[in-house]
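Structural features, examined
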Amino acid sequence: PGSMEAAGEEKAGNGRNGHAEGPAAAAAEERGGRGRLRGCWGFLRRNALVVLTVSGVVAGVALGAAVRGAALSRAQVAYLAFPGELLLRMLRMVILPLVVCSLVSGAASLDARSLGRLGGIAIAYFLGTTLLASGLAVALGFIIRPGAGASALNAPGLGLPGVAPTSKETVDSFLDLVRNLFPANLVAAAFRTYATDYIVLLRNTTSGNVTTEKIPVGTEIEGMNILGLVMFALVLGVALKKLGEEGEDLIRFFNSFNEATMVLVSWIMWYVPIGITFLVGSKIVEMEDIVLLVTSLGKYIFASILGHCIHGGIILPLIYFASTRQNPYRFLLGLITPFATAFATSSSSATLPSMIKCVEENNGVDKRISRFILPIGATVNMDGAAIFQCMAAVFIAQLNNVDLNAGQIFTILVTATASSVGAAGVPAGGVLTIAIILEAIGLPTNDLSLILAVDWIVDRTTTVVNVEGDALGAGILNYLNEKEKKEKEQDLKEVTVEAVANSKAEGETSPLVTHKTQVYNTASTADPESKESVL
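This one's a predicted model, so the numbers in the text were calculated from it and none came from an experiment. (Residues numbered from 1 in each chain as written. Predicted model: local features only at pLDDT ≥ 70, side-chain atom pairs only at ≥ 80, totals over all residues. Heavy atoms only, no water.)

1. Thoughts on the overall build of the protein
- Regarding its fold elements, the protein presents 22 helices and two strands.
- Residue burial in the protein is summarised as follows: out of 535 residues, 44% are buried.
- Long-range pairs, those at least 24 residues apart, make up 83% of the contacts in the protein between residues at least 6 apart in sequence.
- Accessible surface, the protein: about 27700 Å² in total, of which carbon and sulfur atoms supply 63%. (Helix = DSSP H or I, 4+ residues; strand = E, 2+ residues; numbered from the N terminus. Buried < 20%, exposed > 50% of the residue type's maximum accessible area, 1.4 Å probe, protein only. Contact = heavy atoms within 4.5 Å. Areas by Shrake-Rupley, 256 points an atom, 1.4 Å probe, with all protein chains shown as cover.)

Pasting the structure below:
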């Protein structure tokens, strides 16, 4: 009977609990719903810029497709592109102070040993990844054969007649690269670059034949000489560090200038979604006959974009994982905004401000590392451009039914890797570099108009891969720098602990007691190694 009563009481208690749990469960569920809403709202607030930027790209495609059927005039298309043009102008406005100030403050904040070590690793990484990219492009070119059987390439409306650059000697191209490293005028370097041009002279020989002589002449062309500014800023930073106390005021000035520039960048970033919408939309409206373009050069476009996907999606993340043992895709997830900016602007220089901001805030890269490496990477590291250039060289060779031998392939790899260093970080900056490669292997440059016809498509993925390589390089260097710091701290702790332990073993509490305890402490006299370690 007692057990039956207990069971009855338990049932009654359960019933009361059930009545009590009903409203409590509903309240808990309501609180859970509110928590989920709050979590979603918090996520949207944290990633508002990313969501808006991606929405801007989608809205731009929709805008271009909708307006494309309206048959706008060239002037109307220019008006449509105006908000996007403003974005490009604002981004280019901050490039000069950002590059100079960040490199001066970055070089001055690192000691000479760290600067040399990080610089050496960065150069090895940049050259290694660019060489890998060139090799991948040549291999894909031989596998896919984009230039074989391209029948509609002479159709009207395809290619851009009269825009192929004048042929330039390979030696002069490399000499120009070295000349631009040392600008004669720093103020002029902010908006002009040195380039070799040619004067052709006709000469009559004694036999009556006319010969031509091509004489190189130095000229200045429009465009910022970033290579020279990077070199000057690095050397100035090292010199200020060498001055010691005398250089501290100027270092603080550049640091403050740099921080103020980053504030400007954070303001400009909120205009990016609007600018991207109109940049992408106007580009789609400008396309004349996309069907003809894709059917004729589809294999070339596919091969180039496939090379970019393999290098940016597999090879670069693998290098990052092998170096850091960390998830590369989590690192890349924090860089969606700069990738969208790179896709829309096709300019790695214009993407630099947003890349520095996102790498530091989203991925926790040390400011000294990011502001030292990223400006150099935007000038020197051009993995996507190397793929695009090598693919174009193989494509034009196949178009002209030229079988490339081993020597020509080696020349393509070396020339593409070396000349991508000086390629301008602006839209269509790599086309001139293709002319250098074609001259080096003895192919005609007339077919470059075909490359220019599809450059606006391929150049977008090219820029994304370029800036991805820079960002992952900064992440690798940041990891190696932190690892070295931890090892130094660990070594210091071990030395301190060992010294304390040995001093206790010796019984040394004070200098006055030491000489008395040594007489009676037989353990310490029998252990000369411990005495040596204490000394």
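There's plenty left to go through after this.
2. Brief notes about the pattern of salt bridges
- Considering all chains together, one arrives at nine salt bridges under this definition.
- For D176, the salt bridge identified is with R179, shortest N-O distance 2.9 Å. In this pair, D176 and R179 both sit in helix α6 (residues 170–181), three residues apart, roughly one turn of the helix.
- Accessibility expressed as a relative area gives 35% for R179, which makes it partly exposed. (Salt bridge = Lys/Arg side-chain N within 4 Å of Asp/Glu carboxyl O.)

3. What to know about the environment of F126
- Relative to the helices and strands, F126 is located in helix α5 (residues 112–144).
- Judged by its relative accessible area of 4%, F126 is buried.
- Counting along the chain gives 250 residues from F126 to I376, while the straight-line C-alpha distance between them is 9.9 Å.
- Setting aside residues no more than four positions away along its own chain, F126 makes contact with I373, I376, G377, V380, N381 and D383.

4. Looking at unusual backbone geometry
- Positive phi, close to 55°, is recorded for R145, a residue that is not glycine.
- Residue placement: R145 occurs in the loop between α5 and α6.
- Take R145: its relative accessible area is 39%, and that puts it in the partly exposed class.
- You will see that R325, though not glycine, has its phi angle at about 55°, which is positive.
- Mapped onto the secondary structure, R325 falls in the loop between α11 (290–324) and α12 (328–333).

5. Looking at a nonpolar patch on the surface
- A cluster of nonpolar side chains, namely W41, L44 and V51, defines an oily patch on the protein surface of about 300 Å² accessible area.
- Note on placement: L44 falls in helix α1 (residues 2–46).
- Since its relative accessible area comes to 42%, L44 is described here as partly exposed. (Patch = residues over 30% accessible without salt bridge, like charges linked within 9 Å, V, L, I, M, F, W, Y side chains within 5 Å.)

6. Considering the packing of α6 against helix α8 (residues 226–243)
- Their axes nearest at 7 Å, the elements α6 and α8 cross at an angle of 45°. Considering the angle they form, α6 stands oblique to α8. Counting all contacts with α6, which are made through L177, N180 and L181, the residues of α8 involved are L227, G228 and M231.
- Class assignment of the residues belonging to the contact of α6 with α8 gives a composition of four nonpolar, two polar and no charged. (Axes fitted to C-alpha atoms, helices over the stretch in contact; angles between N-to-C directions. Parallel < 35°, antiparallel > 145°, perpendicular 65-115°, else oblique. Nonpolar A, V, L, I, M, F, W, Y, C, P; charged D, E, K, R; others polar.)

7. Remarks on helix α17 (residues 406–419)
- The end-to-end C-alpha distance of α17, which contains 14 residues, comes to 20 Å, matching closely the 20 Å that a straight helix rising 1.5 Å per residue would cover.
- Within α17, the full set of buried residues consists of Q408, I412, L413, T415, A416, T417 and S419.
- Between the side-chain oxygen at the start of α17 and the backbone nitrogen of G407 there is a gap of 3.2 Å, and the oxygen is on N405. (Expected span 1.5 Å × (residues − 1). Polar contact = N/O pair within 3.5 Å; in protein donor to acceptor, adjacent residues only side chain to side chain.)

8. So, the nonpolar core
- In this structure, L335, M355 and F372 are the most contacted members of the largest nonpolar core, which totals 48 residues.
- Ranked by residue count, the leading element in this core is helix α4 (residues 82–109), at nine residues.
- Ignoring sequence-local partners within four residues, the contact set of L335 consists of M355, C358, V359, N363 and A471.
- Counting 36 residues, the second largest nonpolar core, distinct from the first, contains F388, L438, L443 and V458. (Core = buried A, V, L, I, M, F, W, Y, C linked by side-chain atoms within 4.5 Å.)

9. Focus on the confidence of the model for the protein
- Summarising the model, the protein shows a mean pLDDT of 79, and 77% of its residues fall at 70 or more.
- The model gives residues 154–165 a pLDDT under 50, and that stretch makes 21 contacts with residues more than four places away or in other chains.
- Taken together, the stretch residues 505–526 has pLDDT below 50 and engages in twelve contacts with residues farther than four places along the chain or on a different chain. (pLDDT = per-residue confidence, 0-100.)

10. Some remarks on the environment of A260
- Along the chain, the position of A260 falls in helix α9 (residues 245–269).
- Taking the relative accessible area as the measure of exposure, A260 reaches 42% and is therefore partly exposed.
- Distance in space between the C-alpha atoms of A260 and L98 is 9.6 Å, their sequence separation being 162 residues.

11. Describing the side chain of D383
- Examined against the element boundaries, D383 turns out to sit in helix α16 (residues 383–399).
- Buried charge D383 goes without a salt bridge, the closest partner of opposite sign being R325 at 18 Å.
- Of note is the side chain of D383, whose polar atom sits 3.3 Å from the side chain of T129. (Lys, Arg positive; Asp, Glu negative; His and termini not counted.)

12. With respect to the packing of aromatic side chains
- The tally for this structure, following the rule as stated, stands at five aromatic pairs.
- Judged by centre distance (5.3 Å) and plane angle (65°), the rings of F253 and F254 are edge-to-face.
- With a relative accessible area of 45%, F253 lands in the partly exposed category.
- Under the relative-accessibility criterion, F254 is labelled buried at 11%.
- Here F253 and F257 contribute two aromatic rings whose centre-to-centre distance is 5.8 Å and whose plane-to-plane angle is 70°, an arrangement assigned as edge-to-face. Taken together, the residues span about one helical turn, with F253 and F257 both in helix α9 at a distance of four residues.
- Overall, the relative accessible area of 38% leaves F257 in the partly exposed class.
- Connected via pairs of aromatic rings, a cluster forms that spans F253, F254 and F257.
- Looking at K214, its charged tip hangs above the ring of Y198, at a distance of 4.6 Å from the centre.
- Lying over the aromatic face of F321, R325 brings its terminal NZ or CZ to 5.8 Å of the ring centre. (Phe/Tyr/Trp six-rings, centres within 6.5 Å; stacked < 30°, edge-to-face > 60°. Lys NZ or Arg CZ within 6 Å of the ring centre and 35° of its normal.)

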